[in-house]
Amino acid sequence: MSARQVGQPPEKHKLIASRVNRLSPSGIRKFFDLLASMEGVISLGVGEPDYATPWHISEAAVRSLEKGYTMYTSNSGMPELRQETARYLKEKYGIDYDPAGEILITVGVSEALDLAMRAILDPGDEVIMPDPHYVAYDSCVILAGGEPVMVPTRQESGFEVDAADIEARITAKTKAILLGYPANPTGAVMGREKLLAIAEVARRHGLLVISDEIYARLVYGVEHTCYAGLPGVKDSTILLGGFSKAYAMTGWRVGYALAPREIIAAMTKIHQYTIMSAPTMAQVAAIEALKTGEADVQEMVEDYNRRRLVIVKGLCEIGLSCFEPRGAFYAFPSIAATGLTSEEFSEKLLLEEKVAVVPGSAFGGCGEGYVRCCYATSLAEIEEALNRMGRFVSRHRRK
Amino acid sequence: MLKDILKILEDDARTTGKQIATMTGMPVAEVNKLIKQAEKDRIILKYQALVNWDRIEDEQVWALIEVKVTPEPEAGFDAIAERIAQFNQVRSLYLASGTYDLLLIVVGRSEHTVADFVSQNLAHIGGVQGTVTHFVLKRYKYDGEMLAAGEGVKRQPVIL
């Protein structure tokens, strides 16, 4: 008999690259598995719109299939989609990008983020990012051989990241600053002044800024400031965006990166070898979204806003203090009133009241003490979830 | 602001004044006052449930009836339209451009009752030149709602 029995896999972690072994979570996996096995759960744990894609957008894709648009597109993406993306960003934020050379169509922002990191990072390069932050940010940096460096953000300052706090963490190895506002998981929006201060820090230290603006259209009562539109930053900015959140197109997997020519060329190289091109029918749908989807966006935003007001008020009323999120579709209440950790809170809430929220700790150390509640679900469900959470909090109030 | 309230109520007539106040950021008293006024001004006509009668055993026949009329010298189409609208069977009535003038949606217990309405009531009204009746074979969408039970696409319960 050989040392290793036939059919028995070797120790898994030894086969896996150390970079990958290093990736968090997966304390949270257990929680997901538990959730998947339960019935009658109201989930505030979702990170996508509860709308189906507006039909005229889907219809454009259906027509494209009927006409036989089933081949690869150009690696950079369909020229018309790049043109429409440039036009859209020019109209919205007054920024100029050349559809030939400064825009790459990707498989969602997820791919764009990965490409950006792989294109710019050498081993050991540091990327500064706010904590808490979207789960892929630190992972993508690690996978690209870099080191994520966290800047704590706090509820008291609306989870905005401060330029001085960023500057304090800059070392000789710092390559870039990664921003994601409006933010998942906090719903925070960055004001123009604060972004200008960060731009100044980036300029002084010669750093790139990667700005993930996938939630740009989901802001309430405030204007979104596009980082790339700030004066003088375009040459050192990688702007990421997409269609998933604004047009309810998560499943289509289509997004974009805009950056100076040499960076887009580098990202396109990786994209060409790993992806080829974003799905053709999804690109067709994205063109339709940019051309005729504006009314849909506005209607959905109005609707999210109503639910936002309901959930924020409701959370505060049941004793979970919640700063007012001005973007995305998340509320990020503090659970300090209960004295539970965010994982304990989420697990007990699920088991006792069948409401799913995401522990804030999944998004970084500074997310501990908070939970993420997505309000992209029906008002009736939000209200029922609030009832159940109210009962839960009064049972678990810190003595 | 009244528009915001109306949109919310049009989507769900059971939304309370208190809920609307939260959703719009207006004081409850103000919301209730605006609703009362809108009712008085016949901006809000009534609060009703959207019923899918196809789901219960209930014989109901729907017909779209095109009516060609001779407009009256003084009142134009209004006098005759308002007269036709008085019939309980007439669910909706529109003046339309095109090859006919009035479009009626008529609901009856059977094809006979609808036929009776056309031949005995509608045809006798002065000014009605002719009618074309289309019986509805199947309703797919009504007032913005799909009538067939969709599969209900399920989202993943947690997405980070």
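Being a predicted model, the structure only gives us computed values, none of them experimental. Residue numbers restart at each chain and count upward from 1, following the sequence in its written direction. The order in which chains are written sets their letters, starting at A; the order in which ligands are written sets their numbers, starting at 1. Under the rules for a predicted model, residues below a pLDDT of 70 receive no local features and side-chain atom pairs below 80 are neither given nor counted, while totals for whole chains, interfaces and linings still include all residues. Derived side-chain values reflect all non-hydrogen atoms in the structure, with water molecules and hydrogen atoms excluded from consideration.

Draft legend 1. View of helix α10 (residues 261-274) of chain A. All names here are of chain A. Over its 14 residues, α10 extends 20 Å from the first C-alpha to the last, a length consistent with the 20 Å expected when each residue adds 1.5 Å. Buried residues are those whose accessible area, probed at 1.4 Å on protein chains only, stays under 20% of the maximum for their type, while exposed residues exceed 50% and partly exposed ones sit between those limits. Strands are runs of DSSP state E lasting at least two residues, helices are runs of H or I lasting at least four, and both sets are numbered from the N terminus onward. Residues of α10 that are buried include every one of I263, I264, M267, T268, I270 and H271, and no others. The arc that holds every buried residue of α10, seen down its axis, measures 165 degrees, which confines them to one face. When the buried face of α10 is taken as reference, the exposed residues oriented beyond 90 degrees from it are E262, K269 and Y273. Positive backbone phi, at 75 degrees, marks M276, one or two positions downstream of α10. Between the first and last residue of a helix there are one fewer steps than residues, each counted as 1.5 Å, and that sum is the expected span. This arc describes the spread of directions from the helix axis toward the C-beta atoms.

Draft legend 2. The arrangement of the packing of helix α4 (residues 55-66) of chain A against helix α11 (residues 280-292) of chain A in detail. Residue and element names in this part refer to chain A. Axes here mean lines fitted to C-alpha atoms, for a helix over just the part in contact, with angles spanning 0 to 180 degrees between N-to-C directions. Relative orientation of the contacting elements α4 and α11 amounts to 140 degrees, with a least axis distance of 8 Å. Here α4 lies oblique to α11, going by the angle between them. Relative to α11, the crossing made by α4 is right-handed. Mapping the contact onto sequence places H56, I57, A60, A61, S64 and L65 in α4 and M281, V284, A285, E288, A289 and T292 in α11. Angular relationships are summarised with four words: roughly parallel below 35 degrees, roughly antiparallel beyond 145, roughly perpendicular across 65 to 115, and oblique for the angles in between. By the definition used in this description, the sense in which the near helix is turned from the far one sets the handedness, with an anticlockwise turn below a right angle giving left-handed and a clockwise turn giving right-handed. Between two residues, a contact is recorded if the distance between any of their heavy atoms is within 4.5 Å.

Draft legend 3. Focus on the pattern of salt bridges. The salt bridge criterion pairs a side-chain nitrogen of Lys or Arg with a carboxyl oxygen of Asp or Glu, the two atoms within 4 Å. Enumeration according to the criterion identifies 27 salt bridges over all chains in this entry. With a closest N to O distance of 3.5 Å, R306 of chain A and E302 of chain A form a salt bridge. Taken together, the residues span about one helical turn, with R306 of chain A and E302 of chain A both in helix α12 (residues 294-317) at a distance of four residues. Residue E302 of chain A is classed as partly exposed on the basis of its relative accessible area, which comes to 34%. Taken together, the salt bridges that share partners define one network made up of D50, E302, D303, R306 and R307 of chain A together with K7 of chain B.

Draft legend 4. Spotlight on the domain arrangement of chain B. Domain ranges listed in this record stem from an automatic or a database domain assignment. By domain assignment, chain B separates into domain 1 (2-40) and domain 2 (53-138). Inter-centroid distance (C-alpha atoms) of domain 1 of chain B to domain 2 of chain B is 35 Å.

Draft legend 5. Expanded view of the environment of I103 of chain A. All names here are of chain A. Counting through the fold element by element, I103 comes out in strand β2 (residues 103-106). Given the relative accessible area of 1%, I103 is considered buried. C-alpha of I103 to C-alpha of R261: the two residues are 158 residues apart in sequence and 8.4 Å apart in space. Beyond its immediate chain neighbours, meaning those up to four positions away, I103 contacts S76, R82, A86, Y97, D98, A257, L258 and I264.

Draft legend 6. Highlighting the packing of aromatic side chains. By convention, a stacked pair of Phe, Tyr or Trp rings (six-membered ring in the case of Trp) has centres within 6.5 Å and planes under 30 degrees apart, an edge-to-face pair has planes over 60 apart, and any other such pair is tilted. Evaluated as defined, the whole model comprises 15 aromatic pairs over all chains. Considering the side-chain rings of F159 of chain A and Y370 of chain A, the 5.4 Å spacing of their centres and the 80 degrees angle between planes classify their relative orientation as edge-to-face. Of this pair, F159 of chain A sits in the loop between β4 (147-152) and α8 (163-167) while Y370 of chain A is found in the loop between β11 (358-359) and β12 (371-374), placing the two residues 211 residues apart along the sequence. When its relative accessible area of 2% is taken as the criterion, F159 of chain A is described as buried. Accessibility expressed as a relative area gives 11% for Y370 of chain A, which makes it buried. One aromatic cluster is present, formed by Y51, Y215, Y304, F329 and Y330 of chain A through successive ring pairs. For R139 of chain B, the ring lying beneath its charged end belongs to W62 of chain B, and the centroid distance is 4.3 Å. Its end group placed over the ring of Y142 of chain B, R139 of chain B keeps NZ or CZ at 4.6 Å from the ring centre. We call a charge positioned over a ring when the NZ of a Lys or the CZ of an Arg lies within 6 Å of the ring centre and within 35 degrees of the ring normal.

Draft legend 7. Structural context of the environment of P185 of chain A. Residue and element names in this part refer to chain A. Mapped onto the fold, P185 is located in the loop between β5 (174-179) and α9 (192-205). Once the C-alpha coordinates of P185 and P279 are considered, the two residues, 94 residues apart in sequence, prove to be 28 Å apart. With sequence-adjacent residues up to four places away left out, P185 is seen in contact with P132, H133, Y134, Y330, F332, F363 and R372.

Draft legend 8. Structural context of unusual backbone geometry. Residue and element names in this part refer to chain A. Backbone torsion omega between D131 and P132 reads 5 degrees, so that peptide bond is classified as cis. With respect to the element layout, P132 can be found in the loop between β3 (126-131) and α7 (136-143). The omega torsion of the bond from N184 to P185 falls at 15 degrees, within 30 degrees of zero and hence cis. Positive phi is not limited to glycine here, since M276 has a value of about 75 degrees. Relative to the assigned elements, M276 resides in the loop between α10 and α11.

Draft legend 9. Summary view of the confidence of the model for chain A. With 96% of its residues at a pLDDT of 70 or more, chain A shows a mean pLDDT of 94. Counted against residues more than four places away or in other chains, residues 1-6 of chain A, with its pLDDT under 50, gives two contacts. What pLDDT expresses is the predictor's confidence in each residue, scored from 0 to 100.

Draft legend 10. Summary view of the sheet that holds β12 of chain A. Residues and elements named next belong to chain A. Taken together, three strands build an open sheet; the order of strands is β9-β12-β11 and the sheet is antiparallel. Where the open sheet ends on each side, the last strands, each with one partner, are β9 (330-331) and β11. Think of it this way: DSSP has to see at least two bridges between two strands before they count as a pair. Bridging between β9 and β12 involves two bridges; their strand directions are antiparallel. Counted as the bridge partner of Y330 is C374 from β12.

Draft legend 11. Expanded view of the pairing of β4 of chain A. Residues and elements named next belong to chain A. For β3 and β4, the ladder comprises six bridges, and the chain directions are parallel. Across the sheet, residue V127 finds its bridge partner in β4, namely P148. For the segment spanning β3, α7 and β4, crossover handedness is right-handed. Place the viewer so that the strands point away; then a crossover is right-handed whenever the path from the first strand over the helix to the second strand goes clockwise.

Draft legend 12. Seen up close, the interface of chain A and chain B. Contacts between chain A and chain B engage 25 residues on the former and 13 residues on the latter. By convention, the term buried area covers the 1.4 Å-probe accessible surface removed from two parts as they join, with the contributions of both added. Summed over both partners, the interface of chain A with chain B buries about 1600 Å², with 60% contributed by carbon and sulfur atoms. The interface formed by chain A and chain B contains one salt bridge. E302 of chain A is the salt-bridge partner of K7 of chain B, the closest N and O atoms lying 2.9 Å from each other. Any N or O atom pair separated by 3.5 Å or less is treated as a polar contact, with the protein-specific requirement of one donor-capable and one acceptor-capable atom, and with residues adjacent in sequence counted only for side-chain atom pairs. In this structure, the connection of chain A to chain B is made through nine residue pairs in polar contact (both at pLDDT 80 or more). Secondary-structure elements contributing two or more residues to the side of chain A that touches chain B are α3 (27-36), α12 and α14 (379-395) of chain A. For the side of chain A that touches chain B, the element with the most residues is α12 of chain A, which contributes five residues. Broken down by class, the residue content of the side of chain A that touches chain B amounts to 13 nonpolar, five polar and seven charged. We call Asp, Glu, Lys and Arg charged. Ala, Val, Leu, Ile, Met, Phe, Trp, Tyr, Cys and Pro are nonpolar, and the rest, Gly among them, are polar.

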